[in-house]
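Overview (structure and organization)
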Amino acid sequence: MKTLKEKSDLELIQAYVAGDETGIEVLLNRYKSKIYTSIYLQVKDEYLAEDIFQETFIKVIKTLKSGRYNEEGKFLPWVVRIAQNMVIDHFRKEKRSPTVVSSDGYDIFGVLEFADDNAESKLMTNQRDIDLRKIIQKLPDDQKEVLIMRHFCDMSFKEIAEITDVSINTALGRMRYALNNLRKMIEEHNMLLNMG
């Protein structure tokens, strides 16, 4: 018999939905730091991050309790997407755009120099002002998922591959496509601005 900590995300969700409250506690403890960090990196305020984290888990619990959860095997990316939407909602209310600062103090989306060997060129300084949140939301879900997990949750491509149930090469490929698509969308955005 497996202990709770040895159970998969799906087994814990099934246990929770069946009435075992400890299932959600184990999941919460398993992913709290990654989810909280992904929120904190965007809001840069520990109290606000804690509030959004709690709102995220209230929504997660409501969805699980209502039987509407169907992201089998992809619990963490699903929760990260919910958290991401909560952050976006918060900034819509605040009417300001968040920045994401890496450990060395650079705005990740201002510099857009990702850990991708093919991403050699930095984007122009004037592109820093673009609201990348909206552009990221336009990416296909599989690309957006990898981008968010890599840069908001600081996950390795190995972790991303395991969570999304694809090979590491597929995860890397999705990241490359995401970066290429971001660049194209930013260039198109700038052309529209210059034409206006």
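The text that follows walks through the structure, step by step, so that each part is easy to find. (Residues numbered from 1 in each chain as written. Predicted model: local features only at pLDDT ≥ 70, side-chain atom pairs only at ≥ 80, totals over all residues. Heavy atoms only, no water.)

1. Remarks on the pattern of salt bridges
Tallying each qualifying case throughout the model produces four salt bridges. Residue Lys65 is joined to Glu21 by a salt bridge in which the shortest nitrogen-to-oxygen separation is 3.4 Å. Note that Lys65 is positioned in helix H3 (residues 46–65) and Glu21 in the loop between helix H1 (9–17) and helix H2 (22–43), a separation of 44 residues in sequence. For Asp142, the salt bridge goes to Arg174, with nearest N and O atoms at 3.4 Å. (Salt bridge = Lys/Arg side-chain N within 4 Å of Asp/Glu carboxyl O. Helix = DSSP H or I, 4+ residues; strand = E, 2+ residues; numbered from the N terminus.)

2. Some points on the packing of aromatic side chains
Tallying each qualifying case throughout the model produces six aromatic pairs. Plain terms: the ring middles of Tyr36 and Tyr40 are 6.1 Å apart, the flat faces sit at 15° to each other, and that makes the pair stacked. With Tyr36 and Tyr40 both in helix H2 and four residues apart, the pair spans about one turn of that helix. Between Phe75 and Trp78, the aromatic rings sit 5.9 Å apart at their centres with planes inclined by 50°, giving tilted as the arrangement. Of this pair, Phe75 and Trp78 both sit in helix H4 (residues 75–94), three residues apart, which is roughly one turn of the helix. Residues Phe75 and Trp78 agree in their burial class; the two are buried. An aromatic cluster is defined as three or more aromatic residues linked by ring pairs; in this entry it consists of Tyr31, Tyr69, Phe75 and Trp78. Lying across the ring of Tyr36, Lys32 places its NZ or CZ 5.8 Å from the centre. It is Lys32 that lies over the ring of Phe53; its NZ or CZ is 5.0 Å from the centre. (Phe/Tyr/Trp six-rings, centres within 6.5 Å; stacked < 30°, edge-to-face > 60°. Buried < 20%, exposed > 50% of the residue type's maximum accessible area, 1.4 Å probe, protein only. Lys NZ or Arg CZ within 6 Å of the ring centre and 35° of its normal.)

3. Description of the packing of H2 against H3
For the pair H2 and H3, the least separation of the axes is 9 Å and the interaxial angle reads 135°. In this view, H2 runs oblique relative to H3, as classed from their interaxial angle. Once H2 is placed against H3, the crossing between them reads as right-handed. Residues Ile24, Leu28, Lys32, Ile35, Tyr36, Ile39, Tyr40 and Val43 of H2 touch H3, and the partners they reach there are Glu46, Leu48, Ala49, Glu50, Ile52, Phe53, Thr56, Phe57, Val60, Ile61 and Leu64. Broken down by class, the residue content of the contact of H2 with H3 amounts to 15 nonpolar, one polar and three charged. (Axes fitted to C-alpha atoms, helices over the stretch in contact; angles between N-to-C directions. Parallel < 35°, antiparallel > 145°, perpendicular 65-115°, else oblique. Left-handed = near helix turned anticlockwise from the far one by under 90°. Contact = heavy atoms within 4.5 Å. Nonpolar A, V, L, I, M, F, W, Y, C, P; charged D, E, K, R; others polar.)

4. Some remarks on the packing of H1 against H2
At a minimum axis distance of 7 Å, the contact between H1 and H2 shows a crossing angle of 145°. The residues of H2 that touch H1, namely those facing Asp9, Leu12, Ile13 and Tyr16, are Gly23, Ile24, Val26, Leu27, Arg30 and Tyr31. Residues belonging to the contact of H1 with H2 are distributed by class as follows: seven nonpolar, one polar and two charged.

5. Let's talk about helix H8 (residues 157–164)
Within the sequence span of H8, burial applies to Phe157, Ile160, Ala161, Ile163 and Thr164. Along the axis of H8, the buried positions cluster into a sector of 170°, meaning they face one direction only. Exposed and facing more than 90 degrees away from the buried side of H8 are Lys158 and Glu162. Directly beyond the C-terminal end of H8, a positive phi value near 60° is found at Asp165. (Arc of directions from axis to C-beta.)

6. Things to note about the environment of Asp45
Among the structural elements, Asp45 can be located in the loop between H2 and H3. Among the polar contacts listed, one links the side chain of Asp45 to the backbone nitrogen of Leu48, at a separation of 2.8 Å. (Polar contact = N/O pair within 3.5 Å; in protein donor to acceptor, adjacent residues only side chain to side chain.)

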